[in-house]
Amino acid sequence: MKFTLLLLVSLYCASSFAQTNNMEQYNVTWTSQSKNSGESMPCGGGDIGLNVWVEKGELLFYIARSGTFDENNAMLKLGRVRVKLSPNTIDGNDFKQRLTLQNGSVLINGKNGDITAQIKLWVDVYRPVIHLSIKSNRAIKTEAAFESWRYQDRAVKSTENNQGSWKFAPQGQVKTLKDEIAFKNNEILFYHHNLDSTIFDVTVKQQGMDAVKQQMFSPLKNLTFGGLMRGKNLKAAGTYTGKYLDTDFEGWKLQSIRPARDQDIEIYLNTAQVASIDKWQNGLNKVIQDADTHQKTAWQKTADWWQQYWNRSFIYINPNKPEADTAAWQTGKNYQLFRYMLGCNAYGQYPTKFNGGLFTYDPVFVNPKMNYTPDFRNWGGGLMTAQNQRLVYFPMLKSGDIEMMKPQFDFYLRSLRNAELRSEVYWGHKGASFTEQVENFGLPNSAEYNWKRPAGFDKGVEYNAWLEYTWDTVFEFCLMMLETERYADKDIHQYIPFIKSCLTFFDEHYQYLARQRSSKALDGNGHLVLYPGSGAETFKMAYNSNSTIAALQTITKRMLALPDTYLDKDERLKLAGLLKRTPPISFGEIEGHKVLTPAKTWERVNNVESPQFYPVFPWGIYGIGKPGLDIALNSWKLDTLAIKLRSGIGWKQDNIFAARLGLTKEAAELTTFKLKDSGRRFPAFWGPGFDWTPDHNWGGSGMIGLQDMLLQVDDKKIYLFPAWPKDWDVHFKLHASYNTTIEATLKNGKVENLKVLPEERMKDVVNMLK
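Residues numbered from 1 in each chain as written. Predicted model: local features only at pLDDT ≥ 70, side-chain atom pairs only at ≥ 80, totals over all residues. Heavy atoms only, no water.

### Thoughts on the sheet that holds strand β28 (residues 717–720)
A sheet is described by the order of its strands in space; here three strands give the open sequence β27-β28-β32, paired in mixed fashion. Looking at the sheet topology across the chains shown, the edges are occupied by β27 (711–714) and β32 (765–767). For this sheet, the mean angle separating the axes of adjacent strands, direction not counted, is 20 degrees. Bridge count for β27 against β28 is four bridges, and the pairing is antiparallel. By the bridge assignment for β28, Gln 712 is matched with Tyr 719. Running at roughly 80 degrees to β27, helix α18 (residues 696–710) makes contact with β27 and β28 of the sheet. (Pairing = 2+ DSSP bridges. Helix = DSSP H or I, 4+ residues; strand = E, 2+ residues; numbered from the N terminus. Axes fitted to C-alpha atoms, helices over the stretch in contact; angles between N-to-C directions. Contact = heavy atoms within 4.5 Å.)

### Section: the packing of aromatic side chains
Within this structure, the stated rule accounts for 50 aromatic pairs. The interplanar angle of 90 degrees and the centroid separation of 5.1 Å between the aromatic rings of Phe 200 and Phe 441 together place this pair among those described as edge-to-face. Here Phe 200, found in helix α2 (residues 199–206), pairs with Phe 441, found in the loop between β20 (437–438) and α9 (446–449); they are 241 residues apart in sequence, far enough to count as distant. There is no split in this pair, since Phe 200 and Phe 441 are both buried. By way of ring pairs, the aromatic residues Tyr 426, Trp 427, Tyr 469, Trp 471, Phe 475, Phe 505, Phe 506 and Tyr 510 are connected into one cluster. The ring of Tyr 350 carries the charged tip of Arg 414 above its face, separated from the ring centre by 4.3 Å. (Phe/Tyr/Trp six-rings, centres within 6.5 Å; stacked < 30°, edge-to-face > 60°. Buried < 20%, exposed > 50% of the residue type's maximum accessible area, 1.4 Å probe, protein only. Lys NZ or Arg CZ within 6 Å of the ring centre and 35° of its normal.)

### Quick notes on the packing of helix α6 (residues 386–393) against α18
The geometry of α6 relative to α18 is characterised by a closest axis approach of 7 Å and an angle of 50 degrees between their N-to-C directions. Taken together, α6 and α18 sit at an angle that is classed as oblique. Here α6 and α18 pass one another in a crossing that is left-handed. Within the contact between the two elements, α6 uses Asn 388, Leu 391 and Val 392 and α18 uses His 696, Asn 697, Gly 700, Ser 701 and Ile 704. The residue makeup of the contact of α6 with α18, split by class, is three nonpolar, five polar and no charged. (Parallel < 35°, antiparallel > 145°, perpendicular 65-115°, else oblique. Left-handed = near helix turned anticlockwise from the far one by under 90°. Nonpolar A, V, L, I, M, F, W, Y, C, P; charged D, E, K, R; others polar.)

### Points about the packing of helix α5 (residues 327–343) against helix α17 (residues 664–675)
Running from N to C, α5 and α17 cross one another at 55 degrees; their axes reach a closest spacing of 8 Å. In this view, α5 runs oblique relative to α17, as classed from their interaxial angle. Our pair here, α5 against α17, has a crossing hand that is left-handed. Of the residues in α17, those in contact with Ala 327, Gln 330, Thr 331, Asn 334 and Tyr 335 of α5 are Thr 671, Thr 672 and Leu 675. Of the residues that constitute the contact of α5 with α17, the class distribution is three nonpolar, five polar and no charged.

### Some details on the side chain of His 735
Counting through the fold element by element, His 735 comes out in strand β29 (residues 730–736). Owing to a relative accessible area of 16%, His 735 belongs among the buried residues under this scheme. In terms of polar contacts, His 735 uses its side chain to reach the backbone carbonyl oxygen of Arg 312, at 2.9 Å. The contacts of His 735, once residues within four sequence positions are left out, are Arg 312, Ser 313, Leu 397, Lys 398, Ser 399, Gly 400, Tyr 487, Leu 711, Thr 740 and Thr 741. (Polar contact = N/O pair within 3.5 Å; in protein donor to acceptor, adjacent residues only side chain to side chain.)

### Structural notes on helix α3 (residues 277–293)
Under the 1.5 Å per step criterion, the end-to-end length of α3 is 24 Å for 17 residues, consistent within 8% with the ideal 24 Å. Within α3, the full set of buried residues consists of Trp 280, Gln 281, Gly 283, Leu 284, Val 287, Ile 288 and Ala 291. Around the axis of α3, the buried residues are gathered within 160 degrees of arc, so they sit on the same side. For α3, the exposed residues set more than 90 degrees away from the buried face come down to Asp 278, Lys 279, Lys 286, Gln 289 and Thr 293. In this fold, the buried residues of α3 make contact with β9 (129–148), β13 (188–193), β14 (223–230) and β17 (260–273). (Expected span 1.5 Å × (residues − 1). Arc of directions from axis to C-beta.)

### Digging into a nonpolar patch on the surface
On the surface, Ile 649, Phe 673 and Phe 690 cluster together into a nonpolar patch covering about 220 Å² of accessible area. One can find Ile 649 in the loop between α15 (640–645) and α16 (654–660). Judged by its relative accessible area of 34%, Ile 649 is partly exposed. (Patch = residues over 30% accessible without salt bridge, like charges linked within 9 Å, V, L, I, M, F, W, Y side chains within 5 Å. Areas by Shrake-Rupley, 256 points an atom, 1.4 Å probe, with all protein chains shown as cover. Salt bridge = Lys/Arg side-chain N within 4 Å of Asp/Glu carboxyl O.)

### Some points on the pairing of strand β24 (residues 593–596)
Both strand β23 (residues 587–590) and β24 contribute to a ladder of four bridges, which runs antiparallel. Counterpart to Ile 590 in the pairing with β24 is His 593. Where β23 folds back onto β24 in an antiparallel hairpin, the turn is made up of two residues, including Glu 591, whose phi is positive at roughly 50 degrees.

Set out below in structure tokens:
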């Protein structure tokens, strides 16, 4: 028994060591300084992200944290830190900056004469603390400063309003209000405290929801975020002013009391919705006390967390042929780098934003015309766009990162009542009405809702050519919630009322609309009349959009397939009735071949999406091993508009469609386009695409496509290598439904090792390379 146990432990350690070695080849190392923040490197953990770079012999990093929304619903950086060493060891030719994926740290090494020093920067995964340690072979001095461009109120002008919720329709002059920053006992205290009145109040009034305002969830009032920066052997050394790029700032400086070989600096953060600063300060003190208690174990536990993260899931392409200039190898590398960036918001209160996540930087390096502050990102801070956000979160199912999906699910749960109130106030029926672009309090964005609305226009509908009637995108998050039960046997009781409410809206609302036009609530076949509707933001004023029909069919069937503990008899009867009322998918004909269409009819094409393929992804009605695959393939080959719009840029999903259809060549070409080096110094900072840089829905759609090339599931059936080029060697570990993990090695077109856990699931595996 002892021998067996020792053997198992040895095999586990050997496996972990092999994975660690494979991961090492993806570490990013720079041997020269950066020119500016546009050449920064991501570092983070928990819910904190840092952009790290060395410029002109000084270490700088921006601090971002999940959920730091101001009165305008802009997602503000907390500030910038600048570190100088004397003598300066990082200003010469002997320089190295390295992102170490295995433990989530950034290491900076340098030399000045016979003096060597290393700076280590990392973020505690389990508590909101940033750690910076400096070790040198001789005593040196350290100067560390906290810099803020919000040392005074700042006017937000023109397109800069896109960073918040005013966007292109500000109602008067918008300002980003100043932070409070001061020395406190040789430490630097900084925070932003939102006023009582915010964009939430303006939006509620604009949209005629004042009568129910007291029932509504309001996330912005008195929201307070900031922290404390300190270090032993450091004292306050005054303030200074300066300008970085186009933005003036003020700095608060700490400096060494005496030269030292070891210098540690900590930055403690706290975010809370509290009426008084004293309460926020008490919360910050608890963070500091907790960090002090766990000081000796924090680094090892953080390193262990990252090691477990990488062992849980990976894709190594051509691991024995690390040719950095090849698209295949870059694809495997950047898959890992992007997953690292996602892991930095594992425990955030709010989801990872599609338009930059935690790693935006000075916008002038994305668009030279946008010489705004580092707080800027296009498409808003607290504003979420469902079609984009879904691509950030779908890949977490197969990567096994299901716990990381909680911030996205919580976003919707918090807003559920507000969305239900929309239906009650505007139309007098039940169900949650979620729009495509939705604020973090569940209402449409005020600019997209439109301030100049025609008299008598339906108050529940956005007066917007792109967004009107685009309501079905919430179902993709319903699907993710259901998938967590199927993938990991998660208890999803808390999500069932949400999913039921979303279904109820469509059932009741389209019967309500039908009764406005006719004495009948259903068509002649007893089906809902889904008009007006929308095929994404592209096929507008649609009648029976296939994206909506596929969503209703799939979610209703999946709800009915849940174990008995989730639904009672009456609930199941209601769902069965909805399924019966849901119309069938519509088809067309091109050159005598049956094809999928976006809808039964539509009035105009408004954007560049291809929702005719949504029954393939995300809804999985058509695909490998399923009836009607030929119909979907006909659509891919013959739909001239879909062909014209086909691309790998940004949120485009053609790589996923191709993988789901078993089109290996096309899937490989489109996925490598997405996941190849970005052209920026950090290779996974893609974009801006249609959104911003780093473009997280660009990376997310790339991840989904790569996963689907390797592994697809249809209930219990597992398809292995359904769209994988035989000349790509690969070692991967991914997750499938029913608590299953698949680890396989493909070399020279042959499967050398295949491990399926639990083992009885091996019978469900179909090797598509045979």
